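Coordinates in review
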Amino acid sequence: MAGKWRLTVDEAFCASHQLRNYNGKCEHLHGHNFGVTVEVEGTRLDPAVELLVDFGELKRLTREAVGALDHSHLNGLPAFAEHNPSSENLARHLYREIRDRLVVAAPHARLVSVSVSEKGTSRATYLED
């Protein structure tokens, strides 16, 4: 039976947003310290260093994607002009941003999921088949 490795890194960012058409208090301007968890996996290690992806590289790719959102008003960003900046949509947006970076940096690794939390007790996870 063939095995595989799964790596996980965590990052965070601060931002404000408003949920359009929410009909509740989250429709008003407010902010969060968002948490982001990124998971990648693969079945083959780099033969020279025996790593799936260097943690430093994975963190760098994640920071690049998250950095574009940090200390911003999410509703004002082009990515959320037509979509609410909900945790669900943030997870999808970050998944696609990180996936595109990972393909170049570590083509033998596959992005599994990106999770975004507004609080430590609630999180939205996005993944693709």
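Placed above this text is the structure.
The present account deals with the structure reproduced in this document. (Residues numbered from 1 in each chain as written. Predicted model: local features only at pLDDT ≥ 70, side-chain atom pairs only at ≥ 80, totals over all residues. Heavy atoms only, no water.)

The next thing to look at is the overall build of the protein. Of regular secondary structure, the protein possesses two helices and five strands. Ordered by position in the sequence, the α and β elements of the protein form the string β-β-α-β-α-β-β. Considered along the principal axes of its C-alpha atoms, the protein spans approximately 55 × 25 × 25 Å. For the protein, the proportion of its 129 residues judged to be buried stands at 38%. Within the protein, contacts between residues separated by at least 24 positions form 65% of all contacts whose residues are at least 6 apart in sequence. About 7,700 Å² of surface is accessible on the protein, with carbon and sulfur atoms providing 50% of the total. Charge separation in the protein, taken as the distance between the mean sites of 15 positive and 18 negative side-chain charges, equals 3 Å. (Helix = DSSP H or I, 4+ residues; strand = E, 2+ residues; numbered from the N terminus. Buried < 20%, exposed > 50% of the residue type's maximum accessible area, 1.4 Å probe, protein only. Contact = heavy atoms within 4.5 Å. Areas by Shrake-Rupley, 256 points an atom, 1.4 Å probe, with all protein chains shown as cover. Lys, Arg positive; Asp, Glu negative; His and termini not counted. Charge placed at Lys NZ, Arg CZ, Asp CG, Glu CD.)

Alignment of strand β1 (residues 5-17) against strand β2 (residues 30-42), held across 13 bridges, turns out to be antiparallel. Bridging from a neighbouring strand, Ala-12 pairs with Gly-35 of β2. Of the pairings in the sheet, the one linking β2 to strand β4 (residues 110-119) comprises seven bridges and is antiparallel in character. For Gly-35, the partnering residue across the bridge sits in β4 and is Ser-117. (Pairing = 2+ DSSP bridges.)

The next thing to look at is the nonpolar core. Phe-13, Val-38, Val-40 and Leu-94 are the most contacted members of the largest nonpolar core, which has 29 residues in total. The set of elements that each furnish at least two residues to this core consists of β1, β2, α1 (55-67), α2 (87-105) and β4. Among the elements that make up this core, the one with the highest residue count is α2 (six residues). Sequence-distant contacts of Val-38, defined by excluding residues within four places in its chain, comprise Leu-7, Thr-8, Val-9, Leu-58, Thr-62, Ile-98, Leu-111, Ser-113 and Val-114. (Core = buried A, V, L, I, M, F, W, Y, C linked by side-chain atoms within 4.5 Å.)

Moving on to α1. Quick reminder: α-helices carry 3.6 residues per turn. Residues three or four places apart thus point the same way. Compared with the 18 Å implied by 1.5 Å per residue over 13 residues, the 17 Å span of α1 between its first and last C-alpha is a close match. Taken as a whole, α1 has its buried residues at Leu-58, Leu-61, Thr-62, Ala-65 and Val-66. Down the axis of α1, the smallest arc covering the buried residues is 130°, so these residues share one side. Buried positions along α1 lie against β1, β2 and α2. For α1, the N-terminal cap is Asp-54; the gap from its side-chain oxygen to the backbone nitrogen of Gly-56 is 2.7 Å. (Expected span 1.5 Å × (residues − 1). Arc of directions from axis to C-beta. Polar contact = N/O pair within 3.5 Å; in protein donor to acceptor, adjacent residues only side chain to side chain.)

Further remarks concern the side chain of Ser-115. In this structure, Ser-115 sits in strand β4. Engagement of the side chain of Ser-115 in a polar contact is seen with the side chain of Thr-125, the distance being 2.6 Å. Non-local contacts of Ser-115, meaning those with residues more than four positions away in its chain, are made with Gly-35, Val-36, Thr-37, Arg-123, Ala-124 and Thr-125.

Here five strands make up an open sheet; going across it, the order is β3-β1-β2-β4-β5 and the pairing mixed. Of all the strands in the sheet, just β3 (72-73) and β5 (122-126) have a single pairing partner and so form its edges. Two strands pair when backbone bridges link them, and β1 and β3 are joined in this way by two bridges, in the parallel orientation. The partner of Ser-16 across the bridge, within β3, is His-73. Contacts from α2 reach β1, β2, β4 and β5, with the element oriented near 145° to β4. (Axes fitted to C-alpha atoms, helices over the stretch in contact; angles between N-to-C directions.)

Here we come to the state of the cysteines. Note on terminology: disulfide describes a covalent bond linking the sulfur atoms of two cysteines. Applying the stated criterion across every chain, the model contains zero disulfides. Among the cysteines around Cys-26, which has no disulfide bond, Cys-14 carries the closest sulfur, lying 17 Å off. (Disulfide = S-S within 2.5 Å.)

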